[in-house]
Protein chains: 2
Amino acid sequence: MRPKLTDVAKKAGVSVTTVSRVINDYGYISQKTRDKVFAAMEELNYQPNSLARSLHGKSTNLVGLIFPAITNPFFAELVEKIEQKLFSEGYKVILCNAGSDKEKEREYLKMLLANQVDGIIAGAHNLGIDEYNRVGLPIVSFDRKLSEQIPIVSCDNYAGGKLAVQELYNAGARHIYFLGNPHQQGNPTDQRLAGYCDTLETYGLSRHIHTVSFSESPSLKLFSIKRLLQESVADGIVCTDDLTALLVLQAAKELAIKVPEQLKVTGFDGTTQIQLYHPELSTIVQPISDIAELLVEVLKARIKQPTEPLKQMQYKLPVTFLQRNSTSRSN
Amino acid sequence: MRPKLTDVAKKAGVSVTTVSRVINDYGYISQKTRDKVFAAMEELNYQPNSLARSLHGKSTNLVGLIFPAITNPFFAELVEKIEQKLFSEGYKVILCNAGSDKEKEREYLKMLLANQVDGIIAGAHNLGIDEYNRVGLPIVSFDRKLSEQIPIVSCDNYAGGKLAVQELYNAGARHIYFLGNPHQQGNPTDQRLAGYCDTLETYGLSRHIHTVSFSESPSLKLFSIKRLLQESVADGIVCTDDLTALLVLQAAKELAIKVPEQLKVTGFDGTTQIQLYHPELSTIVQPISDIAELLVEVLKARIKQPTEPLKQMQYKLPVTFLQRNSTSRSN
DNA sequence: TTGTATGCGTTATCAT
DNA sequence: ATGATAACGCATACAA
């Protein structure tokens, strides 16, 4: 049995109140008893039971993170940054890898409630608005609208889509395709598509929109991308994420299509990892660290003042373009 | 305020005991009251407070995961698998990204204790034996010896080191270098080095052991690898992880050293992600899914019977070789 | 400066 | 078949 307050009290020869006072540094206590208590705690390797503490009305300092998959480098880096910020603020993280599983996300949501988390940062979005509305807990969403009450942090997806087209155009591409996940209504990532469409229009080019399912197995994805490359006349492709872009590069290589001479490609996300291990890929870089920081800041504000009306519904962070070889100008 | 048992009881017009009975499916209750109670719960969106529950002696069904960095694809895949297994067993995961920070790992360990986790799976190892011994909680370690009392799950690192050398040798390499993290005493990963050394000896070749710090920044790592390639006569390199191997490939490319003609390279880990996005890299594949499953199984056993003496101290899972172009035979 | 008693939300024992 | 109540480990109002 783990030692409890009474055990420490007994060992130190004082009352539980005194021990509690020492632990929480509250009220008046003599240095002598303080020392005695610390010695007893040390000897027993005592750790206050934070469950009992929270039951008493104290907050748990627990934050739930709901994301689709940490094996995706983008989410891995984002989650890691979030975890770091939260840790430095005294919060601990319960990680919920919801995948694209509605039921699992629901389960996790219930679990987080049951564990009295102080708040939730949601990056997976399989559930509907009302389910999130019922939670009744501070929530901040990454990159997706969950409800009218839940603030969203994301990068400037529209600017990203626009920038990608501009860069491809400037590099000489005139048949610019869009390749991404099937889009869902009302999500900020749709803005990437909107940016693409609008910008094409200003150039007087026509749009070509193709989708590959995010959840599809990568080898299937590779297969459909190859078919796309064979059947199309694309000389530029805007991908909605880096992994898809890498598959395009791979497909092009297998088909002996030269990048960037015959085909220029941009990714989206710009994780440190892919920047480093795929230095050939141009991409729209999301400010992952800033996003993480902002998510945490906004959540903290909601936790502190849950009833306060939202100052701001959406926070959009700027993107940048990372010029690499896959979009080099070929003369 | 979140609804509590009394609220549900009041709404359903029964006592708290009855509600508790319904929730836990315990004792006798008429279908009629059962329905009433469920209706009330539904209406209030009631979630039992698992803190109060655990306070009463129930287990939290919480498992702590301590790992160095989920941005490393290997850990990302391992953690994701572990999380999946645990979830399907009814456990939730507290993720502790300890980095290589001793203090953070210590903090996390205390936090997990305070949150009454049922057990811990430890994959980061900055702390000493005694700190883990004091925990007094079911722990299973991945790939590292933490104490006499803590079971270890790992792949067969020795076989991995051996296999790598064999494959390089068979592909024609005769100056086979070892490139990895600086090794620490008594850890299973040292076995990779041992396997390398022993196997070289059977071939009558001499050993060349080089280290690059794991925590070093990748661009620094790349730099020192380039220097190594320039100064050495290596025609084969055994890397202790895939990311290092990728840096070697990159360095070779920049130095116009042809792989596999002039230099053959093997990685270690074999994550799905790197297999897919770096199809040129030969590697020793760890059975990640099996490792995850075994970690969870062993932990479950410890949780069920914490006092039972360990049946087995070490569990070694077999590795396989994935033959790709970086070790192709060049005639 | 220190100790006693009560309550947090839930489960379990005992009664009805 | 259902209800009253003690206990879980801790924090705090109140008392000493």
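I will try to describe carefully the structure that is included in this document.

Definitions and cut-offs
Residues numbered from 1 in each chain as written. Chains lettered and ligands numbered in written order. Predicted model: local features only at pLDDT ≥ 70, side-chain atom pairs only at ≥ 80, totals over all residues. Heavy atoms only, no water. Helix = DSSP H or I, 4+ residues; strand = E, 2+ residues; numbered from the N terminus. Contact = heavy atoms within 4.5 Å. Buried area = accessible area lost by both parts, 1.4 Å probe. Salt bridge = Lys/Arg side-chain N within 4 Å of Asp/Glu carboxyl O. Polar contact = N/O pair within 3.5 Å; in protein donor to acceptor, adjacent residues only side chain to side chain. Nonpolar A, V, L, I, M, F, W, Y, C, P; charged D, E, K, R; others polar. Phe/Tyr/Trp six-rings, centres within 6.5 Å; stacked < 30°, edge-to-face > 60°. Lys NZ or Arg CZ within 6 Å of the ring centre and 35° of its normal. Near = heavy atom within 4 Å. Disulfide = S-S within 2.5 Å. Buried < 20%, exposed > 50% of the residue type's maximum accessible area, 1.4 Å probe, protein only.

1. As for the environment of B:Ser20
No. 1: Mapping B:Ser20 onto the fold places it in helix H2 (residues 16–24).
No. 2: Sequence separation of B:Ser20 and B:Leu44 is 24 residues, and the distance between their C-alpha atoms is 15 Å.

2. Focus on the interface of chain A and chain B
No. 1: In this complex, chain A contributes 51 residues to the contact, which on the side of chain B involves 52 residues.
No. 2: Contact between chain A and chain B buries roughly 5000 Å² in total, counting both sides, with carbon and sulfur atoms accounting for 58%.
No. 3: In terms of surface lost to chain B, no three residues of chain A exceed A:Leu51, A:Arg134 and A:Tyr277, which account for 14% of the buried area on that side.
No. 4: Our count for the contact surface shared by chain A and chain B stands at 4 salt bridges.
No. 5: In this structure, B:Arg134 engages A:Glu42 in a salt bridge whose closest nitrogen and oxygen atoms are separated by 3.5 Å.
No. 6: For the pair chain A and chain B, the number of links is 33 residue pairs in polar contact (both at pLDDT 80 or more).
No. 7: Going through the elements one at a time, helix H3 (31–44), helix H4 (50–55), helix H5 (73–88), strand E2 (92–97), helix H6 (102–114), helix H11 (242–254) and helix H12 (272–277) of chain A are the ones with two or more residues in the side of chain A that touches chain B.
No. 8: For the side of chain A that touches chain B, a count of residues per class yields 26 nonpolar, 14 polar and 11 charged.

3. Observations regarding the packing of aromatic side chains
No. 1: Within the structure shown, the criterion is met by 12 aromatic pairs over all chains.
No. 2: In this structure an aromatic cluster arises from ring pairing among A:Phe67, A:Phe74, A:Phe75 and A:Phe142.
No. 3: In this structure, A:Arg174 packs its charged tip against the face of A:Tyr169, placed 3.6 Å from the ring centre.
No. 4: Between B:Arg192 and the ring centre of B:Phe268, over which it is positioned, the NZ or CZ distance is 3.8 Å.

4. Quick notes on the protein's contact with DNA strand D
No. 1: Within the structure, DNA strand D sits among 26 residues, and A:Lys4, A:Leu5, A:Tyr46, A:Arg53 and B:Thr18 are positioned closest to it.
No. 2: Atoms of DNA strand D within 4 Å of the protein: sugar and phosphate make up 61%, bases the balance.
No. 3: Here a phosphate oxygen of DNA strand D sits 2.9 Å away from a polar atom, N or O, in the main chain of B:Ser15.
No. 4: Taking B:Thr33, its side chain carries an N or O atom lying 3.0 Å from a phosphate oxygen of DNA strand D.
No. 5: Secondary structure elements with two or more residues in the surface near DNA strand D: helix H2 (16–24) and H4 of chain A together with H2 of chain B.
No. 6: Its residues assigned to classes, the surface near DNA strand D comprises 10 nonpolar, 11 polar and 5 charged.

5. Topic: the environment of A:Leu193
No. 1: Counting through the fold element by element, A:Leu193 comes out in helix H9 (residues 190–203).
No. 2: Spatially, the C-alpha atoms of A:Leu193 and A:Cys239 are 10.0 Å apart, while their sequence positions differ by 46 residues.

6. What to know about the state of the cysteines
All names here are of chain A.
No. 1: Following the criterion strictly, the structure yields 0 disulfides over all chains and no others.
No. 2: Here Cys-197 is not disulfide-linked; the sulfur of Cys-239 is the nearest cysteine sulfur, at 15 Å.
No. 3: Relative accessible area serves as the criterion here: at 9%, Cys-197 is assigned to the buried category.

7. Details of the pattern of salt bridges
Residues and elements named next belong to chain A.
No. 1: On inspection of all chains with the given rule, the structure shows 28 salt bridges over all chains.
No. 2: Close ionic contact of Lys-145 with Glu-148 constitutes a salt bridge, the shortest N to O distance being 3.1 Å.
No. 3: Judged by relative accessible area, Glu-148 falls into the exposed class, the value being 52%.
No. 4: One salt bridge in this structure joins Lys-300 and Glu-297, with 3.7 Å as the shortest N-O distance. Of this pair, Lys-300 and Glu-297 are both found in helix H13 (residues 288–304), 3 residues apart, which corresponds to roughly one turn of the helix.
No. 5: The exposure class of Glu-297 is partly exposed, given its relative accessible area of 35%.
No. 6: The network of salt bridges with common partners includes Glu-89, Glu-297 and Lys-300.

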